[in-house]
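# Inside the fold
The residues making up each chain are set out below.
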Amino acid sequence: MSHQGIDPTFAALPYRALSEVALGHARDLGVTHADFRFERVRYQYLGVRDGNLQGATDAEDLGFAVRVIHRGAWGFASGVILTADEARRVAEAAVAVAEVASAMTTAPVELAPEPVYDDVTWVSAYDVDPLEVPTAEKAGVLIDWTNTLTAHGAVEHASASLFQVHENKFYADLAGSRTTQQRVRLQPTFEAMGSDEATGVFDSMSSVAPPVGRGWEYLSDGGWDWAAELAEVPELLAQKLAAPSVEAGSYDLVIHPSNLWLTIHESIGHATELDRALGYEANYAGTSFATYDKLGSLVYGSPVMNVTGDRTVEHGLSTIGYDDEGVETQAWDIVKDGILVGYQLDRSMGQMKPELNGGRSNGCAYADSSGHIPIQRMANVSLQAAPDGPTTEELIGEVDRGLYVVGDKSWSIDMQRFNFQFTGQRFYRIEDGRLAGQVRDAAYQATTTEFWGSMEAVGGPQTWELHGAFNCGKAQPGQTAAVSHGCPTALFRGVRILNTSDEAGN
Amino acid sequence: MTSTPQELVEHALATSRADHCIAIVRNETSANLRWANNTLTTNGVMHAVSVTVISFVGAGSGSMSGSASSPEQVTALVESADAAARAASPAEDAADLVTGDAAADWDDAPVTTDIHVYDAFAPALGEAFGRAGDGHRVLYGFVNHELTTTYLGSSTGLRLRHVQPTGHYACTGKTADLGQSAWVGGATRDFANVDALAMEAEVATRLGWGAHQVDLPAGRYDTILPPTAVADMMVDAYWSAGARVAHEGQSVFSRRGGGTRIGELLVRPEVTLFSDPAYPGLECAPFNVAGSSDNTESVFDNGLPLARTEWVSGGNLGALLQTRHSAAMTGQPVTPMVDNLVLEVDGATGSIDDLVAGTQKGLLLTCLWYIREVDPQTLLLTGLTRDGVYLVENGEITGAVNNFRFNESPVDLLTRFSHASATVPSFSREWGDDYFSRTATPALRVPDFNMSSVSQAR
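All residue numbers here refer to positions counted from 1 along the written sequence of the relevant chain. Chain letters start at A and ligand numbers start at 1, both assigned in the order the entries are written. Given that this is a predicted model, residues contribute local features only at a pLDDT of at least 70 and side-chain atom pairs are listed and counted only at 80 or more, while totals for whole chains, interfaces and linings are drawn from all residues. The basis for the side-chain values is all heavy atoms of the structure; hydrogens and waters are excluded.

A word on the confidence of the model for chain B. Summarising the model, chain B shows a mean pLDDT of 96, and 100% of its residues fall at 70 or more. Here the prediction assigns the complex a pTM of 0.97, and the interface score ipTM is 0.96. Looking at any residue, its pLDDT shows the predictor's confidence there, from 0 to 100.

Take a look at the structure:
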């Protein structure tokens, strides 16, 4: 539970008065739905290289938006001038956009019902707002990290960064809902770079610590063992620089959560967004192979595959109390025993597919700022552990010839979320159930259902970790969102491994 | 009561108690239409005013940005920036600020756009939906127009203003069974030259090419990359061209044994890759604007004049992205990033149609997607073809082929291509929407493009 309340500097802003003006004016103009969102998002980014603070950037997005349904079409407008006149102007602009759009709208927009939430407040779980910590103190931590790394002979250069976000939202709609929310998140990371004089090869090794929906306490309360990782990364880099190049072929893979989360994000998270499955992202982010006609029948993976969508998990990056359409957030099944059973929804999709989630949205509408319209956005999509499942060491013990993959690096997937290619921070050879040193230049390439179908076993709860991304991109105009993915270590049989040096024609 | 951008700049400079101060105000307006399944979906207009205040105390600096339209909001930003600068340790990129006077257009008001930029386009788009439906085609797309007026003022006298129009259009078409896909798209400054019906007609033509479907396996193919795909690859190369990282031995532009490869023959000698703020149709800011410092930009360099810069000249690596700090480190001229990029091949003429006509058997791509760096040492990139791979036989397009995943390096492509067309305005499908839309590139034919695996995506 959070120890914090709504930031008084946000509570002092005139959002309630502006919402009354904007919603009242929209109602007077004859809209069938109007919502008002007032957001303040504060950011700080710190970057350090080789013991020097390269840049410290503070930023704040502050403004409001009005979204309407008028004559069956969406209209949206936003502004930053916090006056009643501007609230009225923005409401009129949103209606004007809907007027233009209505002539070209062949499928009128309707919203799934949702209870009214009468002035509710929600605050995420954190202790210390990172933006309240003196910048010099935070920069000092990053500088110490790079100095620790470069003290090792294998490390020629080191960088570190800290990205922090404090987000406040006020939402109101004509139905009567009013929600006020606050959450923080932060992403600390570091990277060591080195080269091998004999071969001319250069490479890097990064922290595999996840970004979290937590406060500054993440740097000190045992949520991650920073000292241990800082101590081991230089030697891991040295081993990687001296490692042999991988032999391309088919391998069994044991994949650590620090790598598998990103594969989940790309091949399950995005693939089960219903807006994609219905074509609403076809021009940009793409569609999905997991089309709606396959609900309940698509064999997504092996029977040990169970995936949930969850906007309520503590410290999750997409965790929140109410979404940007005033829907109370939830958790639900997406893949059950390997079969596709659910999608991520917003209110218009909930209305289109009333057989899903009881005809109600599951709380997946989100905008990254007041300047953008809410779109269907990813929940924390997570692979479940086996209740009595094995340890990572036991999973490795099941492999005669394979690779153990730790940490994410490069990622790419096609526009229907099927063909993908991922690399990692570290690939260890597994020989006869034991780790046998790192290899270089490895990437795994597969198709989504083939890959998840090859998942023979998932680890137990002791292997489950919550990782995630700070800047997932989607929509036009482009928006970013933060999202977490939990998973256990998992064992996959017979996955294609590429040698990236060969791929480059070397 | 709100203030003008110039008043916000002057208020920031007058309020700051730092040794020096820079204020950057951006007035941004935009309007967009989005469609899917032959109907409009999410559409909007936005107005934002952002203010960045950079304070300098001794060799330290502090930067604070925020939405602001009143003097009171700017005062809060100034106080934060001043405090950050006082608390900062000496910046490694510290340098004297750029000096100068007020530009002739400084007093001019911001230029704005709104939903009426589509007064001609929108009705035609509605008609295009009808034509597509009648032809059993489904359209998905997006148009966006932005006008950003930037005001940069400094305590050393600079008063610079720049108006940047940015716009683009894109339309994906599918057959009614969703089994085939095609795409057209491009950049525009004002939408005067964008015809929704012509866009729909081109999509229809391309879908028609897919009447004959051919499945091909992974492998290396003689491949024609259209200008949009070449732009996709070149933008990545440009972003990877930081001088400091290269000098420190961590990029494809690093020389083994230390230093950069500037001066070395990097690609084919016919190749020139350059940026030019005055390039016709791709005009961009002629002065440097940096809200923060990192490996490729420096807040101390704000206001530096930008000029034509040849990154690759006659095949040689001519310059890398340099701040004054990295230029001193590497012993090279100061060459900051410019917001456009042009690739030219000496002697190249004709169009993509000429490249097709000259190809016995090969592939013609439409665009690339989900491009990510796999290996910085070679700048190996992976990604996928998207929305139309066509089979070329005996100089003609004879069918549509499945999609592929590729693994290729843009530097290698500029070494291996066999044919090029004339340079034309292009638009990166991958990066044009949100990051980098001002490109001009030729089509390139590459004899052994590495299609690493098949993608079933349609």
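The next subject is the sheet that holds strand β13 (residues 341-345) of chain B. Consider a sheet: its strands pair through backbone hydrogen bonds, and that pairing is either parallel or antiparallel. Residue and element names in this part refer to chain B. By the convention used here, strands pair only if DSSP detects at least 2 bridges between them. Only DSSP runs of H or I with at least four residues qualify as helices, and only runs of E with at least two residues qualify as strands; both kinds are numbered from the N terminus onward. Taken in spatial order, the six strands of this open sheet run β12-β11-β10-β13-β20-β19, and their pairing is mixed. Two strands close off the open sheet at either side, each with one partner strand: β12 (316-317) and β19 (424-426). One ladder, built from three bridges, connects β19 with strand β20 (residues 439-441); its direction is antiparallel. Each residue of the ladder has a partner; that of Ser-426, found in β20, is Thr-439.

What describes two packed helices is the angle between their axes and the distance between those same axes. Residues and elements named next belong to chain B. Each axis is a line fitted through C-alpha atoms, taken for helices only over the stretch in contact, and angles between the N-to-C directions span 0 to 180 degrees. At a closest axis distance of 9 Å, the pairing of helix α1 (residues 5-15) and helix α2 (residues 71-87) adopts a crossing angle of 40°. Our classification of the angle between α1 and α2 gives oblique. In this structure, α1 meets α2 at a crossing whose hand is right-handed. Contact residues: Leu-8, His-11, Ala-12 and Thr-15 in α1; Pro-71, Val-74, Thr-75 and Val-78 in α2. Charged residues are taken to be Asp, Glu, Lys and Arg, nonpolar residues to be Ala, Val, Leu, Ile, Met, Phe, Trp, Tyr, Cys and Pro, and polar residues to be all remaining types, Gly included. Within the contact of α1 with α2, the residues separate by chemical class into five nonpolar, three polar and no charged. Under this scheme an angle from 65 to 115 degrees is roughly perpendicular, one under 35 degrees roughly parallel, and one over 145 degrees roughly antiparallel; angles in between are oblique. Crossing handedness is read from the near helix: turned anticlockwise from the far helix by less than a right angle, it gives a left-handed crossing, and turned clockwise, a right-handed one. The criterion used for residue contact is that any of the two residues' heavy atoms lie within 4.5 Å.

The next point concerns the packing of aromatic side chains. Each Phe, Tyr or Trp ring, with Trp reduced to its six-membered ring, pairs with another whose centre is within 6.5 Å; inter-plane angles below 30 degrees give stacked pairs, above 60 give edge-to-face pairs, and intermediate values give tilted ones. Considering all chains together, one arrives at 44 aromatic pairs over all chains under this definition. Taken together, a centroid distance of 4.9 Å and an interplanar angle of 20° make the contact between Trp-145 of chain A and Trp-226 of chain A stacked. In this pair, Trp-145 of chain A sits in helix α4 (residues 135-150) while Trp-226 of chain A sits in helix α5 (residues 226-242), placing the two residues 81 residues apart along the sequence. Each member of the pair Trp-145 of chain A and Trp-226 of chain A is classed as buried. Three or more aromatic residues joined by ring pairs make a cluster, and in this case those are Phe-10, Tyr-15, Phe-36, Phe-38, Phe-64 and Phe-170 of chain A. Of note, Arg-386 of chain B hangs over the ring of Trp-369 of chain B, and the distance from its end group to the ring centre comes to 4.5 Å. Here's how the labels work: a residue is buried when its accessible area is under 20% of the maximum for its type, exposed when over 50%, partly exposed in between, all with a 1.4 Å probe on protein chains only. In this scheme, the term charge over a ring applies when either NZ of a lysine or CZ of an arginine sits within 6 Å of the ring centre and within 35 degrees of the ring normal.

For the bond from Gln-476 of chain A to Pro-477 of chain A, the omega torsion is -5°, close enough to zero to count as cis. Considering the arrangement of structural elements, one finds Pro-477 of chain A in the loop between β20 (465-474) and β21 (479-487). Phi at His-136 of chain B takes a positive value of approximately 60°, unusual for a residue other than glycine. Following the sequence through the fold, His-136 of chain B ends up in the loop between α3 (121-134) and β5 (137-154). On the accessibility criterion, His-136 of chain B (59% relative accessible area) is exposed. Here the phi dihedral of Leu-178 of chain B falls at roughly 60°; this positive angle occurs in a residue that is not glycine.

A separate point is the sheet that holds strand β14 (residues 380-383) of chain A. Residue and element names in this part refer to chain A. Sheet architecture is open: four strands sit in the order β11-β10-β9-β14, paired in antiparallel fashion. Looking at the sheet topology across the chains shown, the edges are occupied by β11 (339-340) and β14. In this sheet, β14 lies alongside strand β9 (residues 307-310) in antiparallel orientation, the contact comprising four bridges. Counterpart to Gly-309 in the pairing with β14 is Val-381.

Residues and elements named next belong to chain A. Whenever Lys or Arg places a side-chain nitrogen within 4 Å of a carboxyl oxygen from Asp or Glu, that contact is recorded as a salt bridge. Enumeration over the complete set of coordinates arrives at 51 salt bridges over all chains. In this structure, the salt-bridge partner of Arg-67 is Glu-325, at a minimum N-O distance of 3.2 Å. Highlighted residues: Arg-67 in strand β2 (residues 52-70) and Glu-325 in the loop between β9 and β10 (331-336), separated in sequence by 258 residues. Residue classification places Arg-67 among the buried residues on the basis of a relative accessible area of 3%. On the basis of relative accessibility, which here comes to 2%, the residue Glu-325 falls in the buried class.

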